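Residue-level structural notes
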Amino acid sequence: MGGVILMLFLCFSAGAFISEVRGEDPYLFFTWNVTYGTISPLGVPQQAILINGQFPGPNIKSTTNNNIVINVFNNLDEPFLLTWSGIQHRKNSWQDGVLGTNCPIPPGKNYTYHFQVKDQIGSYIYYPSTAMHRAAGGFGGLRVNSRLLIPVPYSDPEDDYTVLIGDWYTKSHTMLKKFLDSGRSLGRPDGVLINGKVAKGNGKDKPLFTMKPGKTYKYRICNVGLKNSLNFRIQGHRMKLVEMEGSHTVQNVYESLDVHVGQCFAVLVTADQGPKDYFMVASTRFTKNVLTATGIIRYTNGKGAAASPKLPPAPVGWAWSLNQFRTFRWNLTASAARPNPQGSYHYGAINITRTIKLVNTASRAGGKLRYGINGVSHINPPTPLKLAEYYNVANKVFKYDVIGDEPPAKITGVTVQPNVLNMTFRNFVEIILENHEKSIQSYHLDGYSFFAVAIEPGRWTPEKRRNYNLLDAVSRHTIQVFPKSWAAILLTFDNAGMWNIRSEIWERTYLGQQLYASVASPVRSLRDEYNIPDNAPLCGVVTNLPKPPPYTI
């Protein structure tokens with residue numbers, strides 16, 4: 001009898017162990033070698049940053065709650081980091097890949113990123129966050145598919161394509177960095193690329209994508225450029241918008257979409273036209289000289305019929321773009337993998353506990369061009385801000401709240417120093433992004449999605465809240481601010497860590513138009529934040545300090 005009981009116990013124990021192992025979310029492992037290489041996308045040979053020899057880099061295909069492990073070997077001649085734009089890194093800003101949270105990977109060394117795409121779906125990008133490396137490549141797409149048990153509000157497409165559009169400079173990233181360091185602007189880009197290429201339009205171009213007649217395809221369109229908003233359209237075809245930066249949207253149909261720097265849209269396109277080639281088109285917006293790139297979509301039964309040289313026209317003016325923004329709505333009837341802090345599906349009923357107004361500024365410090373927020377131009381100290389906090393030496397590295405929640409009545413010049421806002425954990429906050437300049441802005445917040453409730457011309461006042469969309473504003477992580485206009489976002493700061501709020505226009509980020517939000521849990525608990533990874537490199541004043549006691553549950 002005792003032997004039977006022992007046998008049952010062992011079987012139960014084994015079953016419990018197997019269940020626990022099977023219960024863990026799947027892992028995806030990647031090894032990436034980052035190197036220099038020579039490319040000529042605009043006909044001029046130039047140095048680029050390749051990942052595993054690819055430009056653009058590999059496309060990561062994952063599913064909700066997957067654990068992603070990427071071992072990055074830096075074979076460049078300078079420090080390097082990658083950031084995962086839009087991935088929320090719950091409780092884990094250690095994997096954010098920006099200089100406020102991580103020491104860069106030294107030349108000849110490697111670092112293994114490990115993060116989970118927890119409770120997320122959607123279309124995202126990754127790119128270098130160090131120096132001007134983004135101008136040389138190193139970027140790619142990152143998609144998070146829904147788990148099979150969660151219904152998607154449209155039929156499965158025949159195929160799923162990633163379209164990376166962006167402006168491009170033929171000057172090297174080191175030359176562009178020298179321009180900025182000397183106090184100059186980057187000036188106009190030299191062209192636009194689609195997946196690292198430009199079609200010549202001579203009938204000999206290889207297709208970027210193929211479509212079977214009558215089938216519907218999903219295109220994930222992301223602006224990976226440095227500076228310019230781009231309009232995207234497909235010759236002879238309409239696009240049904242289904243997802244935007246991790247949120248299912250109301251499925252409106254568009255002839256073209258304005259995609260601002262750092263933004264991603266997913267659309268459905270049906271092959272319902274005649275059998276031939278068609279151009280997809282990306283062209284700069286809000287620029288005097290319009291730059292245009294094309295790529296070929298080929299019908300499988302097209303028999304080599306060339307695309308028409310007559311390209312569909314782009315819209316004119318930023319008012320058109322503003323009106324398009326107002327058509328974007330969150331699909332409230334769609335299931336999705338998403339957290340629900342403070343019942344934020346009903347975000348319009350949550351009391352705002354803090355209002356922060358951020359005004360972008362351009363000025364000169366020491367005779368050199370600097371960009372700032374509320375009169376402060378951020379600079380990254382040798383010790384990452386998050387490391388300084390974790391090792392309890394923040395007072396040796398930076399000061400909190402060097403800007404207030406209200407900008408000065410008149411901003412003259414900029415102060416160059418680290419810019420860190422101290423946030424209260426789990427507060428529901430309103431952030432106003434006000435643009436007094438004549439150029440368009442694009443902002444991104446790491447670690448979070450926010451509700452983009454309004455964009456309007458003029459200056460913001462509390463009375464403008466009457467115009468907020470408090471029902472179905474899209475939950476997203478990037479928002480544009482048009483010239484002489486403002487944008488309002490709402491979010492709960494419930495994700496502990498050090499998180500970057502930055503311009504996606506990279507020369508502005510490099511020259512200081514960014515800040516960090518420090519979101520500290522009142523207790524050092526693993527329920528709120530993970531410990532520093534064992535493989536995290538140390539730098540600055542914490543290099544030889546003993547590691548603080550780990551967080552516990």
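Bear in mind the structure is a predicted one, so any value in this text is a computation, not a measurement. (Residues numbered from 1 in each chain as written. Predicted model: local features only at pLDDT ≥ 70, side-chain atom pairs only at ≥ 80, totals over all residues. Heavy atoms only, no water.)

A look at the UniProt feature "domain: Plastocyanin-like" (unreviewed entry) in the protein chain
UniProt marks residues 33-147, 159-301 and 383-522 with the feature "domain: Plastocyanin-like" (unreviewed entry), using the numbering shown here. Taken end to end, residues 33-147 has its terminal C-alpha atoms 30 Å apart, with 0% of it in helix and 43% in strand. This span, residues 159-301, is 6% helix and 46% strand, and a straight line between its end C-alpha atoms measures 17 Å. (UniProt positions renumbered as here; feature names shortened; annotations may be inferred. Helix = DSSP H or I, 4+ residues; strand = E, 2+ residues; numbered from the N terminus.)

Some words on the pattern of salt bridges
Tallied over the full model, the rule gives 19 salt bridges. One salt bridge connects Arg465 with Glu430, and the closest N-O pair in it is separated by 2.7 Å. Taken together, the residues span a long stretch of sequence, with Arg465 in the loop between strand 28 (450-457) and strand 29 (475-476) and Glu430 in strand 26 (residues 428-435) at a distance of 35 residues. We classify Arg465 as partly exposed; its relative accessible area is 32%. (Salt bridge = Lys/Arg side-chain N within 4 Å of Asp/Glu carboxyl O. Buried < 20%, exposed > 50% of the residue type's maximum accessible area, 1.4 Å probe, protein only.)

Here we look at the pairing of strand 9 (residues 160-168)
Where burial is concerned, most of strand 9 is hidden: nine out of the nine residues are buried. Both strand 9 and strand 12 (residues 216-223) contribute to a ladder of six bridges, which runs parallel. Bridge pairing in strand 12 links Asp160 to Lys218. Relative to strand 10 (residues 191-194), strand 9 is paired through four bridges, and the arrangement is antiparallel. Within the sheet, the bridge partner assigned to Trp168 lies in strand 10 and is Gly191. (Pairing = 2+ DSSP bridges.)

Quick word on the state of the cysteines
In total, this model carries two disulfides according to the counting rule given. Two residues share a disulfide in this structure: Cys222 and Cys264, whose sulfurs sit 2.1 Å from each other. Measuring handedness by torsion sign, the sulfur bridge of Cys222 and Cys264 sits at about 120° and is right-handed. Highlighted residues: Cys222 in strand 12 and Cys264 in strand 18 (residues 264-270), separated in sequence by 42 residues. Look at Cys222 and you get buried, because its relative accessible area is 1%. Taken in sequence order, the bonded cysteines of the protein chain link in the pattern 1-4, 2-3. (Disulfide = S-S within 2.5 Å.)

Quick word on the sheet that holds strand 6 (residues 110-116)
With respect to topology, four strands assemble into an open sheet ordered 2-1-4-6, the strand pairing being mixed. Of all strands in the sheet, those bounded by a partner on one side alone are strand 2 (46-51) and strand 6. Going across the sheet, the axis of each strand differs from the next one's by a mean of 20°, ignoring polarity. Across eight bridges, strand 1 (residues 27-39) lies against strand 4 (residues 67-74) in parallel orientation. The residue bridging Leu28 from the neighbouring strand is Ile68, located in strand 4. (Axes fitted to C-alpha atoms, helices over the stretch in contact; angles between N-to-C directions.)

Focus on the side chain of Asn419
Residue position: Asn419 is located in the loop between strand 24 (415-416) and strand 25 (420-424). Ignoring anything within four residues of it in the chain, the contact list for Asn419 reads Ile373, Val376, His378, Val402, Ile403, Gln514, Leu515 and Tyr516. (Contact = heavy atoms within 4.5 Å.)

Observations concerning unusual backbone geometry
The linkage connecting Phe55 with the following residue, Pro56, adopts the cis geometry, with an omega of -10°. Residue placement: Pro56 occurs in the loop between strand 2 and strand 3 (60-63). In this model, Asn52 sits at a positive phi of 55°, which is unusual for a non-glycine residue. Note on placement: Asn52 falls in the loop between strand 2 and strand 3. Owing to a relative accessible area of 35%, Asn52 belongs among the partly exposed residues under this scheme.

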